[in-house]
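Residues per chain, in single letters:
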Amino acid sequence: MIEDAVPSPRGRRAIVLPGGANRGAYQAGALAGLAVSEGRSTGTPFACDFVGGASSGAINAYLIATARYDRLHEVWRAFAQRHVLRLKPRYGGLAASASPDAKGLARRAAAMVGRTLAGLDLALGMSRYERALADGTSVEKLLDDYVDPDAEVFVPLYVTATNLTRRAGEMFSLRATAVDGHVAQTANDALLRAYDRSRITVVDGFTVRLALFASAALPLVFDPVRIPLETIWERADEYVDGGLTENAPIEAAVACADRLDVVMVDPPQTRAEISYANALEIGVGVYDTLQRIILDGQLRLAFGGIARGTAAPAIRVIRPDRPLPGRYGDFNDLAAIEEMFARGYDDGRRGWSEARNPIPTP
């Protein structure tokens, strides 16, 4: 390749995996089903040049980039079985349950006092020194178990995160290490330089775990993830969920490929009314709505060819045809995760649907 020459994105394929909290289980199932339908076994990568994701989609994207399809179901079961979403120990009193036995009056009173004290501690802490509610060590341990620093990277991987230090969206890149992936990597490098995507931080097999956690770290739920700067290791920026700024690296994917395959986790928009019982549900609803709006806007731009300024890419989707079970953000509901994975698997086996307009205006 002539130095500084920009290859064409024509004939190149990108797989893009938006975030969606626990609904990533549906996405994982769709990818597992798709691997079966395409005859891809573990260690045999999809025929694509770019795989990218955000939030929970970033974890699925990593497993696709390393062609470890056998772990897609396993990792989502682990989310629920390990109860990775748990309060920090100091706030454990908020989850205390009342005892039903005859001597339970005193115990219930003690539990109530404990919850009251924990609630006061939380209220004071969130306004003074506490940065989030949940303990991130369980998530870190899960990523340690499922992210292999020595795994071969078959397809160049890109994940988005929100850089709080610089108040900007950012993209992390794990470079292909497999021989066949080098050609795709070289072309992506040239196309992204031409696209002028300046904030791309390259990570390795070890630091990619930090990037994946950063991409999925819901603000106020998890502490921001500190990642050292690429060239100044004594300094670090702080990151939270990539879904806040870019719910999938779609613009970068469009710069690199003219075929865009998106595994979505939400059904087509409906006019159904949703009610919220408390402040937590309202907060979750706001975040879910924000992610939908961001993703809708990204796909409309991609479909219109605006991101690259040329012809629109061909877009295919796999998505649920009706709402998924369970509450949004409830990673501990194993039954819902299993059902979401199973539904995704069935949809993945059926394959992609061509999309003339993947996100119709409600």
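Residues numbered from 1 in each chain as written. Predicted model: local features only at pLDDT ≥ 70, side-chain atom pairs only at ≥ 80, totals over all residues. Heavy atoms only, no water.

1. Overview of the environment of Leu334
- The topology assignment puts Leu334 in helix α10 (residues 334-350).
- Residues Leu334 and Ala80, 254 residues apart in the sequence, show an inter-C-alpha distance of 5.2 Å.
- Beyond its immediate sequence surroundings of up to four residues, Leu334 is in contact with Arg77, Ala80 and Gln81. (Helix = DSSP H or I, 4+ residues; strand = E, 2+ residues; numbered from the N terminus. Contact = heavy atoms within 4.5 Å.)

2. Examining helix α6 (residues 181-195)
- For α6, with 15 residues, the first-to-last C-alpha span of 21 Å sits near the 21 Å given by 1.5 Å per residue.
- Regarding α6, the residues found buried are Gly181, Ala184, Gln185, Ala187, Asn188, Ala190, Leu191 and Leu192.
- Contacts from the buried residues of α6 go to β2 (50-54), β3 (157-163), β4 (168-174), β5 (200-203) and α8 (250-256). (Expected span 1.5 Å × (residues − 1). Buried < 20%, exposed > 50% of the residue type's maximum accessible area, 1.4 Å probe, protein only.)

3. Focus on the packing of helix α1 (residues 24-37) against α10
- As a packed pair, α1 and α10 sit with axes 6 Å apart at the nearest point and diverge in direction by 35°. Classified by chirality, the crossing of α10 by α1 is right-handed. Contacts from Ala25, Tyr26, Ala28, Gly29, Ala30, Ala32, Gly33, Leu34, Val36 and Ser37 of α1 reach α10 at Ile337, Met340, Phe341, Arg343, Gly344, Tyr345, Asp347, Gly348 and Arg349. (Axes fitted to C-alpha atoms, helices over the stretch in contact; angles between N-to-C directions. Left-handed = near helix turned anticlockwise from the far one by under 90°.)

4. Describing the packing of aromatic side chains
- Per the counting criterion, the structure on display carries seven aromatic pairs.
- On the basis of an interplanar angle of 40° and a centroid distance of 5.4 Å, the ring pair of Phe79 and Phe331 is categorised as tilted. Here Phe79 is found in helix α3 (residues 72-81), whereas its partner Phe331 is found in the loop between β9 (314-318) and α10, with 252 residues between them in sequence.
- Within the aromatic cluster, the residues linked to one another by ring pairs are Trp76, Phe79 and Phe331. (Phe/Tyr/Trp six-rings, centres within 6.5 Å; stacked < 30°, edge-to-face > 60°.)

5. Considerations on the confidence of the model for the chain
- On average, residues of the chain carry a pLDDT of 81, and 75% of them reach 70 or more.
- Note that residues 96-102 has pLDDT below 50 and, in this model, nine contacts with residues that lie over four places away or in other chains.
- Contacts from residues 108-122, a stretch scored under 50 in pLDDT, to residues over four places away or in other chains number 20 contacts. (pLDDT = per-residue confidence, 0-100.)

6. Some remarks on the nonpolar core
- Counting 67 residues, the largest nonpolar core has Tyr62, Leu72 and Leu157 as the members making the most contacts within it.
- At eight residues, α1 tops the list of elements feeding residues into this core.
- With residues near it in sequence (within four places) discarded, Leu157 still touches Val51, Ala61, Tyr62, Ala65, Phe172, Ser173, Leu174 and Val208.
- The next biggest cluster of nonpolar side chains, apart from the first, holds 23 residues, and it includes Tyr158, Leu191, Ala248 and Ile250. (Core = buried A, V, L, I, M, F, W, Y, C linked by side-chain atoms within 4.5 Å.)

7. A closer look at α1
- Taking 1.5 Å per residue, 14 residues should reach 20 Å; α1 reaches 20 Å between its end C-alpha atoms and fits that length.
- Across the 14 residues of α1, twelve count as buried, placing the element largely inside the fold.
- Contacts made by the buried residues of α1 are with β1 (13-17), α2 (56-65), α3, β8 (259-263), β9 and α10.
- Where α1 ends, the next residue or the one after it, Gly39, has phi of about 70°, a positive value.

8. Here's the deal with the side chain of Glu170
- As for its position among the elements, Glu170 is in strand β4.
- There is a polar contact of 2.6 Å between the side chain of Glu170 and the side chain of Thr201.
- Polar side-chain contacts of Glu170 include one of 3.0 Å to the side chain of Tyr239. (Polar contact = N/O pair within 3.5 Å; in protein donor to acceptor, adjacent residues only side chain to side chain.)

9. Overview of the pattern of salt bridges
- Tallied over the entire structure, the rule returns 18 salt bridges.
- The residue Asp237 makes a salt bridge to Arg166 at a minimum N-O spacing of 2.6 Å. A residue pair is termed long-range when its members are at least 10 positions apart, and Asp237 in strand β7 (residues 236-241) and Arg166 in the loop between β3 and β4 qualify at 71 residues.
- In this structure, a network of salt bridges that share partners links the residues Arg13, Glu38, Arg40, Asp261 and Arg316. (Salt bridge = Lys/Arg side-chain N within 4 Å of Asp/Glu carboxyl O.)

10. Let's talk about the side chain of Ser138
- Along the polypeptide, Ser138 turns up in helix α5 (residues 137-146).
- Owing to a relative accessible area of 14%, Ser138 belongs among the buried residues under this scheme.
- When near neighbours in sequence (up to four residues on either side) are disregarded, Ser138 contacts Val84 and Arg86.

11. As for the pairing of β8
- The element β8 is largely enclosed, with a buried count of four among its five residues.
- Pairing geometry for β8 and β9, over five bridges, is parallel. Looking across to β9, one finds that Leu260 is bridged to Ile315. (Pairing = 2+ DSSP bridges.)

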